[in-house]
Amino acid sequence: MRSRILRAILLAVAVTGFVLGLPLGYTALRLVEDGARTDLAARAQRIAASIDDQIAGGREIDLGPVEVGVPEGGHLVVRSATAVREFGHQPGVDPLSVEVPIAQQGTVRLEVSSAPMRTAQYQVAALVVLLVVLSVSTGTVVATVTARRLAQPLRHVAARAARLGAGDFRRDDRRHGVPELDLVAEALDRSAGALAQLVQRERELVGDVSHQLRSRLTALQLRLEALSLHPEPDTAVEARAALEQAERLAEVLNEMLAAARAARAVGAEPLDLRTELTAIAEEWREPLRRAGRALRVRVPEGLLARATPARLREAIGVLLDNALRHGEGPVVVSARSDDGTVVVEVADGGAGVPDELAHHIFERGVSGGGSTGVGLALARALVDADGGRLELSTARPATFALFLPVPKAEDVVGVTWRTDLTPR
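Residues numbered from 1 in each chain as written. Predicted model: local features only at pLDDT ≥ 70, side-chain atom pairs only at ≥ 80, totals over all residues. Heavy atoms only, no water.

Enquirer: Talk me through the overall build of the chain; I want residue IDs and the actual numbers.
Expert: Tallying secondary structure elements over the chain gives nine helices and 11 strands in all. Taken across its 424 residues, the chain has 37% of its residues classed as buried. Considering only intrachain contacts with a sequence separation of at least 6, the fraction spanning at least 24 residues in the chain is 65%. Of the accessible surface of the chain, which amounts to about 24500 Å², a share of 58% is contributed by carbon and sulfur atoms. (Helix = DSSP H or I, 4+ residues; strand = E, 2+ residues; numbered from the N terminus. Buried < 20%, exposed > 50% of the residue type's maximum accessible area, 1.4 Å probe, protein only. Contact = heavy atoms within 4.5 Å. Areas by Shrake-Rupley, 256 points an atom, 1.4 Å probe, with all protein chains shown as cover.)

What follows is the structure in structure tokens.
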């Protein structure tokens, strides 16, 4: 995009320089020639007037009084009815000449070399070319700066769209002063909000459906188990057959829920948590510093977890934003391995979560600080989509814990190979 914008502006500058340079150069050459001819014509007119005075006084034509009007290196030819008189030498090939009539059908012809005029024209042409080159160079600099200033917002909007597609639903308040791009950014923010609500509704729906089906299947299995002990053989056989079908239905339900979770986590990959959490923390270090607070990251070397990078960045970003808005003191992001899972904790030294909100903090619309109450619900949905879970492990001080799955053995080998050969 940047090169395309640069080429378009450079083409416009080149065409403008060409369209303006040719007429300007032609006009400048004609002005030089017209100036030389005008000066020569004025000299010839003065010489002709002096000779007319001689003829009117009945005197012989004398070139002595008019020689001073002949330019250096010029050639004067006076033709009358009785004689032809000359002064100076022929100026060479293609001279610049002017002929003026005098009395008695005579003429005064004044010639000079065209070399000085040509030299002046070359100088003027060189000046015009220099001006055109200077204009094109200036236009190139302006085009480069303009292309860079236009390309950067476009790249930022493209990156924002890519993050949105990867599951990063955070609002981006950055605007660029370009109305069209700002409209696109606002549309992306609205889309991010809509997608966040959709993810949350999907999670709630799947959770509700799963809970209701499991509850009903459990109740059905209990009733069938009781019927399988019925004294009538036919009833007991039918009850055991129905119980077997109910157990199969429960297995199918578990498989479908597992497949749904796997489909949502299709972008999940083994991540080096020290690298990922350090990069996320860098985005929030400056806002916390402006608030007079510190941000510390404590992650052991080589700790791996399976997650989607964009979803992890979004979830940790929500927790850090929550700590910035509602917490106090330093914020600590830590990670550890615990009994087959990886735990990432975000804690601060504030007053914590009130008791009346502790059990509802992840519900949509619940907030203790006047915010929208969407962030924590979204963060839990994103973590759940990657097969993990988000909990409030400690209310005072507030400590949120992300429980992430451990990568499979074959994935860990791939990450080790990539870390060894390709710097991340």
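Enquirer: So what's going on with the nonpolar core? Which residues, and what values?
Expert: Counting 38 residues, the largest nonpolar core has Leu 273, Leu 277, Leu 312, Ile 316, Leu 320, Val 344 and Leu 402 as the members making the most contacts within it. Elements with a contribution of two residues or more to this core: helix 5 (273–290), strand 7 (304–307), helix 6 (309–326), strand 8 (331–338), strand 9 (341–347), helix 8 (375–385), strand 10 (389–394) and strand 11 (399–405). Per-element tally for this core: the top contributor is helix 6, with seven residues. Among the nonpolar cores identified, the runner-up in size contains 21 residues, and Ile 51, Ile 55, Val 66 and Leu 76 belong to it. (Core = buried A, V, L, I, M, F, W, Y, C linked by side-chain atoms within 4.5 Å.)

Enquirer: Lay out the sheet that holds strand 11 in plain terms, naming residues and giving numbers.
Expert: In space, the five strands of this open sheet follow the order 6-8-9-11-10, with mixed pairing throughout. Edge positions in the sheet fall to strand 6 (295–298) and strand 10, since each has one partner strand and no second. Here the strands of the sheet are splayed against their neighbours by 20° on average, with no regard to which way each runs. Bridge analysis of strand 8 against strand 9 gives seven bridges, and the strand direction is antiparallel. (Pairing = 2+ DSSP bridges. Axes fitted to C-alpha atoms, helices over the stretch in contact; angles between N-to-C directions.)

Enquirer: Before we move on, can you summarise the packing of helix 6 against helix 8 with the specific residues and values?
Expert: Interhelical geometry of helix 6 versus helix 8 gives an angle of 150° and a closest axis separation of 9 Å. One way to sum up the angle between helix 6 and helix 8 is to call them roughly antiparallel. Where helix 6 crosses over helix 8, the two elements pack in a sense that is left-handed. Counted together, Arg 311, Glu 314, Ala 315, Val 318, Leu 319 and Asn 322 of helix 6 and Gly 375, Leu 376, Leu 378, Ala 379, Leu 382, Val 383 and Ala 385 of helix 8 form the full contact between these two elements. Residue classes in the contact of helix 6 with helix 8 are distributed as nine nonpolar, two polar and two charged. (Parallel < 35°, antiparallel > 145°, perpendicular 65-115°, else oblique. Left-handed = near helix turned anticlockwise from the far one by under 90°. Nonpolar A, V, L, I, M, F, W, Y, C, P; charged D, E, K, R; others polar.)

Enquirer: An account of the environment of Gly 375 is needed here, citing residue identities and associated values.
Expert: Along the chain, the position of Gly 375 falls in helix 8. Through-space distance from the C-alpha of Gly 375 to that of Ala 315 is 8.4 Å; in sequence the pair is 60 residues apart.

Enquirer: Could you give an account of unusual backbone geometry, naming the residues involved and the relevant values?
Expert: A cis geometry characterises the amide bond from Arg 396 onward to Pro 397, with omega recorded as -10°. Along the chain, Pro 397 turns up in the loop between strand 10 and strand 11. A positive phi angle, near 55°, is found at Asp 94, a position not held by glycine. Mapped onto the secondary structure, Asp 94 falls in the loop between strand 2 (84–88) and strand 3 (96–102).

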